[in-house]
Amino acid sequence: MQGSELTRAKVRSALVFLAPMLLALALAAGWPLGRTLWFAFTDASLTDNGYSFIGFENFWNSEWGGLLEDGNWWQAVGNTLYFTFVSVALETVLGVGIALALDVPFRGRAIVRAAVLIPWAIPTVVSAKMWGWMLHDQFGLINDLGMSLGLLDQPVAWMANSATALTAIVAVDVWKTTPFMALLVLAALQMLPRDIYEAARIDGIHPVRVFFRVTLPLIRPALMVAVIFRGLDALRAFDLMYAMTANNESTMTMSVFARQQLVDFQDVGYGSAAAALLFVMVAVLTAAVLTLGRVRLTGGAR
Amino acid sequence: MMPRTLAGRAGFYAFILVIMLFSVFPFYYAVVSSFKTGSELFEVTYWPTFNMENYVSIFTEQPFGRNILNSVIVAFAVVAISLTLGVLASYALARVSFRGRGLLLVTILAVSMFPQVAVLSGMFEMIRVLGMFNSLPGLILANMVLTLPFTVWVLTTFMTELPKELEEAAFVDGATPLQVVRRVFLPLMGPAMAATGLLAFIVAWNEFLFALTFTLSNEMRTVPVAIALITGATQYELPWGNIMAASVIVTVPLIVLVLIFQRRIVAGLTAGAVKG
């Protein structure tokens with residue numbers, strides 16, 4: 001009897017403890033998200049205060065097309081998907097490689113492990129500026145190095161050309177985020193039982209084979225989580241593109257597009273519609289991941 | 001496994017060297033460039049000269065000191081609020097079983113996946129209605145959507161792992177739940193709070209989209225926005241020396257923090273991600 005009394009008191013105080021956090025989240029996330037989704041169906045703008053409900057017209061209409069017929073929007077979608085796939089794929093491969101190297105005990109390993117964190121610690125805007133300077137068409141280090149090594153015939157205007165600009169942005173993201181990936185993979189590697197490797201070594205199995213047959217399957221769950229987190233993160237990328245090329249169409253992501261409509265063109269309804277589409281995309285992916293993850297966790301464990 | 005042949009070892013150390021260069025060199029080059037002025041910037045060199053001119057001029061030509069102060073205020077406030085709300089909530093989520101707990105945890109995790117831009121127009125409206133446009137409280141509120149979910153999540157993960165006997169003894173002695181949180185759990189939460197607090201600090205310090213959108217005047221900008229918007233005499237002539245000096249100033253404290261707390265950070269990141 002006393003136990004259930006205590007339980008009830010605990011549940012009551014639990015709700016009190018949760019309240020401030022829930023209020024903060026409602027204020028900072030729930031309400032603004034709800035308003036954005038509502039604005040997506042209106043013709044609201046920053047220039048005048050009145051607005052009205054217009055249904056799906058921001059998404060599609062027969063007059064001017066809406067988002068679904070907006071070439072710039074589709075370009076932004078394409079840029080975002082390209083950026084996400086290429087950068088996450090490169091980060092995963094490089095991250096696993098670096099993690100494998102850092103898993104080997106050698107002198108000075110602690111220093112290397114600390115150094116690897118530096119790109120991750122640098123603010124994205126700062127990374128963008130640092131690389132923007134190294135990629136400068138006239139005075140940049142990359143052109144200077146490329147020409148003195150004979151890799152380039154003449155200086156390349158990396159950020160001015162739409163093909164190289166997006167590649168450069170991918171490269172900066174890979175530089176900045178690979179350490180994060182490497183450290184997550186390293187944490188997973190260090191939890192693996194060592195005796196499997198001992199057995200494989202005694203049996204004379206080639207290390208590459210050990211990697212693909214033993215290591216990779218064992219770290220796969222952790223690797224998948226890291227890839228999914230990074231992928232969802234890359235889909236909403238904004239800082240890097242904005243700091244390197246501002247609102248340039250050839251490198252614009254969905255987030256940059258939505259903000260440009262919203263702030264620069266003052267078109268709250270249209271910008272919100274773009275933001276809402278991005279949100280739905282990320283939400284569907286997240287829901288799929290969470291559901292699949294739970295199915296595997298409960299189904300696989302017992 | 002360390003390679004056993006000499007060539008293998010040489011290859012291994014060469015790879016380590018490449019990793020080191022890859023990680024450290026770009027920042028080193030920013031430091032070298034930050035000491036260059038005028039025509040020195042037109043030539044690629046690899047050794048620093050220690051001319052402090054750019055470091056002086058970013059504070060005299062624009063309110064960069066004020067920008068740093070803004071970033072410090074916002075980041076500390078965000079950390080303090082996130083940790084306070086996070087510890088209380090994580091006790092409820094980790095130690096008390098009530099209906100809807102699982103759903104609540106999944107919702108909180110889902111919020112951390114939000115694209116920031118999805119709350120932008122709603123937040124913009126709210127901040128203007130509350131009279132917080134172009135002010136630091138507005139930025140602090142906006143940052144909550146970024147830091148609170150993972151703070152709650154990591155602290156909950158950590159708190160779940162503490163043994164049950166801890167609080168039972170205290171409850172038998174007649175302690176209230178708030179006392180249990182303060183006297184029993186808080187002292188044990190030090191490492192977890194240091195890790196999440198530091199991650200929240202880095203997120204708030206680096207935040208760009210909200211700070212860019214919700215501030216207007218030079219004096220209210222935070223550091224990332226100030227750096228992104230540094231312009232020169234003409235549009236095509238960016239003062240790269242100043243930009244590099246500003247970049248070095250805001251990055252050095254972060255690098256120092258990260259190097260000191262690297263183990264904690266990795267533990268916090270893996271608790272947040274691997275168990276997600």
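Residues numbered from 1 in each chain as written. Chains lettered and ligands numbered in written order. Predicted model: local features only at pLDDT ≥ 70, side-chain atom pairs only at ≥ 80, totals over all residues. Heavy atoms only, no water.

**Brief notes about the interface of chain B and chain A**
Taken together, the contact pairs 94 residues of chain B with 84 residues of chain A. Summed over both partners, the interface of chain B with chain A buries about 8200 Å², with 81% contributed by carbon and sulfur atoms. Remark: the boundary between chain B and chain A carries 2 salt bridges. Linking chain B to chain A there are 11 residue pairs in polar contact (both at pLDDT 80 or more). Split into classes, the residues belonging to the side of chain B that touches chain A amount to 74 nonpolar, 14 polar and 6 charged. (Contact = heavy atoms within 4.5 Å. Buried area = accessible area lost by both parts, 1.4 Å probe. Salt bridge = Lys/Arg side-chain N within 4 Å of Asp/Glu carboxyl O. Polar contact = N/O pair within 3.5 Å; in protein donor to acceptor, adjacent residues only side chain to side chain. Nonpolar A, V, L, I, M, F, W, Y, C, P; charged D, E, K, R; others polar.)

**Quick notes on the pattern of salt bridges**
All told, the structure shown has 9 salt bridges over all chains when counted by the stated rule. For B:Glu125, the salt bridge is made with A:Arg35, and the minimal N-O distance between the two is 2.7 Å. Pair noted here: B:Glu125 is in helix H5 (residues 120–129) and A:Arg35 is in helix H1 (residues 2–39), and the two residues belong to different chains. The exposure class assigned to A:Arg35 is buried, which follows from its relative accessible area of 18%. The salt bridge involving A:Arg201 is made with A:Glu198; its shortest N-O contact spans 2.9 Å. Remark: A:Glu198 and A:Arg201 occur in helix H8 (residues 195–202); sequence separation between them is 3 residues, near one turn of the helix. By relative accessible area, A:Arg201 is classed as partly exposed at 45%. The exposure class of A:Glu198 is partly exposed, given its relative accessible area of 39%. One salt-bridge network, in which partners are shared between bridges, spans A:Glu91, A:Asp173, A:Arg230, A:Asp233 and A:Arg236. (Helix = DSSP H or I, 4+ residues; strand = E, 2+ residues; numbered from the N terminus. Buried < 20%, exposed > 50% of the residue type's maximum accessible area, 1.4 Å probe, protein only.)

**Let's talk about empty space enclosed by the protein**
Applying the stated criterion to the full structure yields 2 cavities of 30 Å³ or more. Roughly 1400 Å³ of internal volume is contained in the largest cavity. Elements represented by at least two residues in the lining of the largest cavity include exactly helix H7 (162–189), helix H9 (207–235) and helix H10 (239–245) of chain A together with helix H4 (101–111), helix H6 (136–160), helix H9 (190–206) and helix H13 (262–273) of chain B. Ranked by residues supplied to the lining of the largest cavity, first place goes to H6(B) with 5 residues. For the second largest cavity, the calculated volume is near 30 Å³. Considering the residues around the second largest cavity, the lining is formed by B:Val74, B:Leu139, B:Asn143, B:Ala204, B:Glu207, B:Ala211 and B:Thr222. (1 Å grid on protein atoms, 1.4 Å probe; cavity = no way out; pocket = protein on both sides within 12 Å on 5 of 7 lines; lining within 4 Å. Points joined across faces, edges and corners; volume = space filled by probe spheres on them.)

By themselves these figures say nothing about function.
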